[in-house]
Amino acid sequence: MTIFDQMLNRYDIKTIEQKRNATQEVMQEIALAGLYRGGFFDKAAFYGGTCLRIFHSLPRFSEDLDFSLVEKNLEFNLESYFIPIIQEFKAAGRDVLITKKDKKLQTKVESAFLKDSTELYDLSFKTEKGIKIKIEVDTNPPLVFSTEQRLSLMPFSFMTRCFSLPDLFAGKMHALIFRNFKNRVKGRDWYDFEWYIRKGIPLGFEHFQARAKEFNGIDIDKKDFRAMLLDKLSAADINMVRRDVMPFVQNPGDLEIWSNDYFLQLAERIKYQ
């Protein structure tokens, strides 16, 4: 049995969707291990929903690996870390391909979060179609964030440099407010928002302000933030929000309480760092 299979056996898999989610998560963990081997986390930090899932036990699956350099460096080259990633997968018993994505193919909404300084790649199996993870690195990031070292035990013991929870919260709230899909909403943003509130995590507002300035070119104070958030929460189609996140959650019954009013009341419980 390969290391990859051993890691996959940790999951209780009963459906095709569950196998896909578990396979992607094992790929994410092995990719992080490869990046660690290559010294990537001396220069970059992990953030986003997958960071929350792997290191803070968020009870939903996530798809992408999102990273930020800890200092701006437009000369940074992610491709220099491909060999340790590929070698780590080979050691685990799988062969993978890493291909650069053309940002011109992204939607206008996604490109609002993908600046010219963002490197974007897909990691996929050589022998299987349809299973891949996106790797994204912002080389000219909004700063004003703190990081911490988080431990992984598989495929071996190693440390990953991650955003602190308040600044992870800030990134999620920036996404929830400013993401503006034409025909849908990203329910995973809402799910994570609920998780932060339930855990009592304070919002790193300075980092939120830095992201709004960097990505959207606007200065926002707490009054503006509150008004924009309440407008977003009150106007959304909750059924659409629920449908988007449903394939990624472990217990769909947790979503039964969801309503516009429920999220508006959650917003009243936001604490600031």
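This section reports on the structure supplied with the text. As the structure is a computational prediction, the values presented were derived from the model and not from experiment. (Residues numbered from 1 in each chain as written. Predicted model: local features only at pLDDT ≥ 70, side-chain atom pairs only at ≥ 80, totals over all residues. Heavy atoms only, no water.)

**Some remarks on the nonpolar core**
The cut-off we apply is this: Residues belong to one nonpolar core when they are buried, are Ala, Val, Leu, Ile, Met, Phe, Trp, Tyr or Cys, and are joined through side-chain atoms within 4.5 Å. Only protein chains enter the accessibility calculation, which uses a 1.4 Å probe. A residue is then buried if its area is under 20% of the maximum for its type, exposed if over 50%, and partly exposed in between. Any two residues whose heavy atoms approach within 4.5 Å are treated as being in contact.
In terms of nonpolar packing, the biggest core is built from 85 residues, with Phe40, Phe67, Leu78, Leu123, Phe193, Phe225 and Trp258 touching the most fellow members. Setting aside anything within four residues of it in sequence, one finds Leu78 in contact with Leu35, Phe40, Glu119, Tyr121, Ile135 and Val137.

**Considerations on the packing of aromatic side chains**
Let me state the cut-off plainly: When two rings of Phe, Tyr or Trp (its six-membered ring) have centres within 6.5 Å they constitute a pair, described as stacked for plane angles under 30 degrees, edge-to-face for angles over 60, and tilted for the intermediate range. Counting as a charge over the ring demands two things of the Lys NZ or Arg CZ atom: a distance within 6 Å of the ring centre and an angle within 35 degrees of the ring normal.
If you walk through the whole model with that rule in mind, you get 28 aromatic pairs. A centroid spacing of 5.2 Å and a plane angle of 80° characterise the contact between Phe40 and Phe41, whose relative ring orientation is edge-to-face. Here Phe40 falls in the buried class, since its relative accessible area comes to 0%. A residue is classified by how much of its surface remains accessible, and Phe41, at 7% relative accessible area, is buried. Centre to centre, the rings of Trp195 and Tyr196 are 5.4 Å apart; their planes meet at 80°, and the pair counts as edge-to-face. The class of Trp195 is buried, set by a relative accessible area of 10%. Within the aromatic cluster, the residues linked to one another by ring pairs are Phe40, Phe41, Phe46, Phe55, Phe67, Phe76 and Tyr81. It is Arg53 that lies over the ring of Phe61; its NZ or CZ is 4.2 Å from the centre. The side chain of Arg94 reaches across the aromatic face of Phe4, ending 4.9 Å from its centre.

**Observations concerning the environment of Phe169**
Our working definition: Labels follow the DSSP assignment, with helices taken as runs of H or I lasting at least four residues and strands as runs of E lasting at least two, numbered in each case from the N terminus.
Its location among the elements puts Phe169 in helix α6 (residues 165–178). Along the chain, Phe169 and Leu74 lie 95 residues apart, while their C-alpha atoms are 26 Å from each other. Ignoring any residue separated from it by four or fewer positions in sequence, one finds Phe169 in contact with Phe193, Tyr196, Ile197, Ile201, Pro202 and Leu203.

**Comments concerning the side chain of Asp192**
Defined as follows: Each polar contact in these results corresponds to two N or O atoms within 3.5 Å; when the atoms are within protein, one needs to be able to donate a hydrogen and the other to accept it, and residues that are neighboring in sequence are counted only if both atoms are side-chain atoms.
Among the secondary structure elements, Asp192 is positioned in helix α7 (residues 187–199). Classification of Asp192 as buried rests on a relative accessible area of 0%. A distance of 2.7 Å separates a polar atom in the side chain of Asp192 from a polar atom in the side chain of Arg60. Contacts of Asp192, omitting those with residues within four sequence positions, involve Gly49, Leu52, Leu58, Arg60 and Lys172.

**Brief notes about helix α3 (residues 49–56)**
Buried residues dominate α3, accounting for eight of its eight residues. Where α3 is concerned, the buried positions are Gly49, Thr50, Cys51, Leu52, Arg53, Ile54, Phe55 and His56. Count one or two residues on from α3 and you reach Ser57, which has phi positive near 60°.

**Focus: the packing of helix α2 (residues 16–37) against α3**
Stated precisely, the cut-off is as follows: Fitting a line to C-alpha atoms yields each axis, with helices limited to the stretch in contact; the angle taken between N-to-C directions then spans 0 to 180 degrees. Oblique is the label for any angle not under 35 degrees, not over 145, and not in the 65 to 115 range, which are roughly parallel, roughly antiparallel and roughly perpendicular in turn. Nonpolar residues are Ala, Val, Leu, Ile, Met, Phe, Trp, Tyr, Cys and Pro. Charged residues are Asp, Glu, Lys and Arg, and all others, Gly as well, are polar.
Where α2 contacts α3, the axes come no closer than 11 Å and their chain directions differ by 90°. Here α3 runs roughly perpendicular to α2, going by the angle between their axes. Seen from α2, the contacting residues are Glu25, Gln28, Glu29 and Leu32; seen from α3, they are Thr50, Arg53, Ile54 and Phe55. Of the residues assigned to the contact of α2 with α3, the class counts are three nonpolar, two polar and three charged.

**Some remarks on unusual backbone geometry**
The linkage connecting Met154 with the following residue, Pro155, adopts the cis geometry, with an omega of 5°. Its identity as a non-glycine residue notwithstanding, Ser57 has a phi of 60°, on the positive side. With respect to the element layout, Ser57 can be found in the loop between α3 and β2 (65–69). One non-glycine residue, Val144, lies in positive phi territory at about 55°.

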